[in-house]
Amino acid sequence: MSTVIKGGTIVAADRSYEADILIEGETIKAIGPDLKGDTVVDASGAYIMPGGIDPHTHLEMPFMGTTAAETWESGTFAGLAGGTTMVVDFVIPGEDGMLAAMDAWESKATRQASGDYSYHMCVTGWSERHFDEMPKVVARGINTFKHFMAYKGALMVNDDEMFASFQRCAALGALPLVHAENGDIVAALQQKYMADGTSGPEAHAYSRPPEVEGEATNRAIMIADAAGVPVYIVHTSCEQSHEAIRRARQKGMRVYGEPLIQHLTLDEGEYFNRDWDYAARRVMSPPFRNKSHQDSLWAGLAAGSLQVVATDHCAFTTEQKRMGLGDFRKIPNGTGGIEDRLSVLWTRGVETGRLTPNEFVAVTSTNIAQILNIYPQKGAILPGSDADLVVWDPKLSKTISASNQKSIIDYNVFEGFKVNGLPRYTLSRGEVVWADGQNSQPQPGRGKFIKRKPFPAANAALSKWKELTAPRAVTRSAEHMPIGV
Ligand SMILES: NC(=O)NCCC(=O)O
Ligand SMILES: [Zn+2]
C-alpha cells in the first residue's frame, strides 16, 4: 500500500517548496510533482513538515515521592495530536543500575507508546559500576547521558562525578546532557525562605534565581571542555545561562542549548497568582522567568545560539502538587506541554515574525535529530526517511483548554492561549495517526524504540581537535636537568 500527500508546500529546515510526497510502507519513497499512490492525503493550503521530536519528556517518572501522572499512552497520544511523532524520555536508574532501569522503562513504553521514542540515561552518582554500565547502555542504542547539578540529596552529582562521567562520554562517543542549577545554593535559599515563613509556590522561584542557573551552566561547559566532549544544556531558561552558551560557542566549543516552550511564553508572574493551586501547577525547575529572559531565548533561537525547543513534559495532577501545601520544597517539580509545543511555538514564534517557518522546523525537529544522531531517519523529508510527517494547517485554530486535551492531567499551563496553526494530519512511519476532527486514538504499543548510534560528527570532530591540541610531555636532554643531578 502506498500513500501520496498531495497539494502542499514542503517546509524543511533549509527551504520551502511545492511537491507531493509518496510513501511506501513506513518510509518516504519519492518527492516531486504529480505523484500517484493508493490513498491520497490532502495537503492543499497546508505545509508538510517533519514530525516534531520532543527531546525532553518524563512520562511516568518516579520523582519527589510520587510518579508523574502522564502515562506513556496518554503522553504519546497527546504528542501525536499536536504533531510530535517522537519523544526522548529520561531513564532514572535505581539501585539495580542503568540496564535494569532501561528494562523497566521499556516495559512501559513498548506496551503503551503510540509514537516512536528513545531514551537518555541519567547518571546520578559515580562508581566502577557506572563506568562499566555506560558502554552497555550505548550498545543498546542510547548515546546521551543526563546529569543533574540540582536536587541535592537526590539526583544531584558533584563536579568530580560529572567530570568522570563526561570523560567516559567522550571515550564512548556519547553526549552529556546537564540540568544546570547550582544545587547547593538552591538548597541554602530554600532553607532561608522556609525559615522566613515564605512557604508558597512563589518561594520556588525566589530560591532558583537566574544566577544559580548561569553559574552552573558555565561550570558544566568548562567541565565538558576539560573532558573534551560536547555538552547539551537542558531547559535553558535565562539570559545568564544563554550568555554562557553563546560565549562558549563563539569560542568554538560544541555546546547546545534547549529552551522550553513554557519558558518562552510563560513568565514568573504565574507564581504570584493568589490561587495556590494555580501557582503550584506551574512549579518546575528552572522556574519561569521575566520577559527580558524570554526575549533572550527568542533571540537565541533566531541567532542559532540556542538550537532546540522542548517541553520537559513532567506532568503531575493538582492533587499531587498539593503534597507541597505549606512547604514549597515538596511540590513535585514539573509541567506539561507535549500537546501544545508546536502550535504555541508557531503562534508566538512564526506568526509574530520571531522565527521563519524553516527555523520552526529546525528547532522542533531537524536540529534535534542531528544532535541526537538520528538524522535523516528522523527530522527530514527525504527519500528513505521515516514518513513521520505533519500536514500543518495554518488556518486551523483553537483555544487551549484542559477540558478537551489528550493529556490526562486536570489542567493545562497554556489554558486560554489562542493558537493558530494545528496538524490537519499527523503521520507516524506512514500511518495517519491523527486527523483533525476525527479524534480517534492510535494503537497503543505501535510506537518503536529508535536506536541512536554513538559518535555523531561533533564528537568525532572534537576528539580529533583535542587530540591535536593535547598537552604533551617535553623531551629534555641531560643539560636541561637541574644542576647537581
Ligand atoms: N524540570 C522539572 O521541574 N521537572 C522534571 C525533572 C527535571 O528535568 O528537572
Ligand atoms: Zn527534565
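It should be noted that the structure appears before, not after, this text.
Everything quoted here is computed from the prediction, not taken from an experiment. (Residues numbered from 1 in each chain as written. Chains lettered and ligands numbered in written order. Predicted model: local features only at pLDDT ≥ 70, side-chain atom pairs only at ≥ 80, totals over all residues. Heavy atoms only, no water.)

A. Layout of the overall build of the chain. When you go through the chain residue by residue, the secondary structure sums to 15 helices and 19 strands. Summarising its shape, the C-alpha atoms of the chain cover approximately 90 × 60 × 45 Å along the three principal directions. A buried classification covers 60% of the 485 residues belonging to the chain. Considering only contacts in the chain between residues 6 or more positions apart, those separated by 24 or more positions represent 76%. Of the accessible surface of the chain, which amounts to about 18600 Å², a share of 51% is contributed by carbon and sulfur atoms. A distance of 3 Å separates the average location of the 48 positive side-chain charges in the chain from that of its 57 negative side-chain charges. (Helix = DSSP H or I, 4+ residues; strand = E, 2+ residues; numbered from the N terminus. Buried < 20%, exposed > 50% of the residue type's maximum accessible area, 1.4 Å probe, protein only. Contact = heavy atoms within 4.5 Å. Areas by Shrake-Rupley, 256 points an atom, 1.4 Å probe, with all protein chains shown as cover. Lys, Arg positive; Asp, Glu negative; His and termini not counted. Charge placed at Lys NZ, Arg CZ, Asp CG, Glu CD.)

B. Up close: the environment of Gly-334. Relative to the elements of secondary structure, Gly-334 occurs in the loop between helix H12 (318-321) and helix H13 (341-350). Along the primary structure Gly-334 and Val-178 are separated by 156 residues, whereas in three dimensions their C-alpha atoms are 16 Å apart. Apart from the residues lying within four places of it in its own chain, the contact partners of Gly-334 are Arg-281, Val-283, Met-284, Cys-314, Phe-316 and Lys-321.

C. Local environment of the site of ligand 1. Around ligand 1, 14 residues are found, and the nearest of them are Tyr-151, His-179, Ser-285, Asp-312 and Asn-333. Between ligand 1 and Tyr-151, the relevant distance is 2.7 Å, taken from an oxygen atom to a side-chain nitrogen or oxygen of the residue. Between Gly-334 and ligand 1, the recorded distance is 3.4 Å, taken from a backbone N or O atom to an oxygen atom. Summarising the interface, the protein chains cover 100% of the accessible area of ligand 1, which totals 260 Å² for the free molecule. Taken together, the residues of the shell around ligand 1 sort by class into five nonpolar, seven polar and two charged. (Near = heavy atom within 4 Å. Polar contact = N/O pair within 3.5 Å; in protein donor to acceptor, adjacent residues only side chain to side chain. Nonpolar A, V, L, I, M, F, W, Y, C, P; charged D, E, K, R; others polar.)

D. Examining the nonpolar core more closely. Counting 118 residues, the largest nonpolar core has Trp-72, Tyr-119, Phe-145, Phe-166, Ile-221, Ile-233 and Leu-345 as its most contacted members. With residues up to four places along the chain from it excluded, the contact list for Tyr-119 reads Trp-72, Val-88, Asp-89, Val-91, Met-102, Trp-105, Glu-106, Ala-109, Ile-142, Thr-144, Phe-449 and Arg-452. Grouped together as the second largest cluster of nonpolar side chains are 15 residues, Ile-28, Ala-43, Ile-381 and Val-391 included. (Core = buried A, V, L, I, M, F, W, Y, C linked by side-chain atoms within 4.5 Å.)

E. Structural detail: the sheet that holds strand S2 (residues 9-11). Strand order in the open sheet formed by six strands is S3-S2-S7-S17-S18-S19, with mixed pairing between adjacent strands. Of all the strands in the sheet, just strand S3 (16-18) and strand S19 (431-435) have a single pairing partner and so form its edges. Strand-to-strand twist across the sheet, computed as the mean angle between neighbouring axes with direction ignored, equals 35°. Sheet topology places strand S17 (residues 389-399) next to strand S18 (residues 418-428); eight bridges connect them, and they run antiparallel. Residue pairing in the sheet places Val-390 in a bridge with Thr-426 of S18. Where helix H1 (residues 72-81) meets the sheet, it contacts S18 and S19, and its direction lies at approximately 85° from that of S19. Strand contacts of H13: strand S7 (47-50), S17 and S18, with the helix running at about 135° to S18, the strand carrying the most contacts. (Pairing = 2+ DSSP bridges. Axes fitted to C-alpha atoms, helices over the stretch in contact; angles between N-to-C directions.)

F. Local environment of the coordination of the zinc ion (ligand 2). Bound to the zinc ion (ligand 2) on the protein side are His-56 (NE2), His-58 (NE2) and Asp-312 (OD), at distances that span 1.9 to 2.3 Å. Note that the zinc ion (ligand 2) binds four donor atoms; their angles at the metal cover 83 to 146°, and the shape is irregular. In primary sequence terms, the donor set of the zinc ion (ligand 2) follows H-x1-H-x253-D. Within this pair, whereas His-56 is found in strand S8 (residues 52-57), its partner Asp-312 is found in the loop between helix H11 (291-303) and H12, the two being separated by 256 residues in sequence. (Donors = N, O, S within 2.8 Å, 3.2 Å for Na, K, Ca; no water. Tetrahedral: all angles 85-135°; square planar, octahedral: opposite > 155°, others 65-115°.)

G. Structural context of the sheet that holds strand S16 (residues 255-257). In spatial order, the strands read S8-S11-S12-S13-S14-S15-S16; together these seven strands make up an open sheet with parallel pairing. Single-partner strands in this sheet number two, and they are S8 and S16. Neighbour-to-neighbour, the strand axes of this sheet turn through a mean angle of 25°, independent of strand direction. In this sheet, strand S13 (residues 144-148) lies alongside strand S12 (residues 116-123) in parallel orientation, the contact comprising three bridges. For Met-121, the partnering residue across the bridge sits in S13 and is Phe-145. Across the sheet, H13 touches S8 and strand S11 (84-91), and the angle it forms with S8 is around 110°.

H. A look at the packing of aromatic side chains. Under the definition given, this model contains 17 aromatic pairs. Residues Tyr-232 and Tyr-256 carry aromatic rings whose centres are separated by 6.5 Å and whose planes lie at 55° to one another, so their mutual orientation is tilted. Placement of Tyr-232 in strand S15 (residues 231-233) and of Tyr-256 in strand S16 is noted, with a sequence separation of 24 residues between them. In terms of burial, Tyr-232 and Tyr-256 fall into one category: buried. An aromatic cluster of three or more residues is present, and its members are Tyr-47, Trp-346, Phe-360 and Trp-392. Above the ring of Phe-90, the side-chain terminus of Lys-146 is found at 4.0 Å from the ring centroid. Directly above the aromatic system of Phe-417 lies the positively charged group of Arg-348, at a separation of 4.1 Å from the ring centroid. (Phe/Tyr/Trp six-rings, centres within 6.5 Å; stacked < 30°, edge-to-face > 60°. Lys NZ or Arg CZ within 6 Å of the ring centre and 35° of its normal.)

I. The arrangement of H11 in detail. Helix length check: H11 (13 residues) gives 18 Å between terminal C-alpha atoms against 18 Å at 1.5 Å per residue, within 8%. The complete set of buried residues in H11 reads His-293, Gln-294, Ser-296, Leu-297, Trp-298, Gly-300 and Leu-301. In this fold, the buried residues of H11 make contact with helix H7 (210-227), helix H8 (239-250), helix H9 (261-265), H13 and helix H14 (357-371). Immediately beyond the C-terminal end of H11, within one or two residues, lies Gly-304, with a positive phi of roughly 90°. (Expected span 1.5 Å × (residues − 1).)

J. Representation of the pairing of S8. The element S8 is largely enclosed, with a buried count of six among its six residues. For S8 and S11, the ladder comprises four bridges, and the chain directions are parallel. Each residue of the ladder has a partner; that of Gly-52, found in S11, is Thr-84.

K. Broad picture of unusual backbone geometry. At the junction of Ser-285 and Pro-286, the peptide bond is cis and its omega measures out at -5° in the coordinates. Despite not being glycine, Tyr-151 has its phi angle at roughly 65°, a positive value. Locating Tyr-151 in the fold gives a position in the loop between S13 and helix H4 (159-172).

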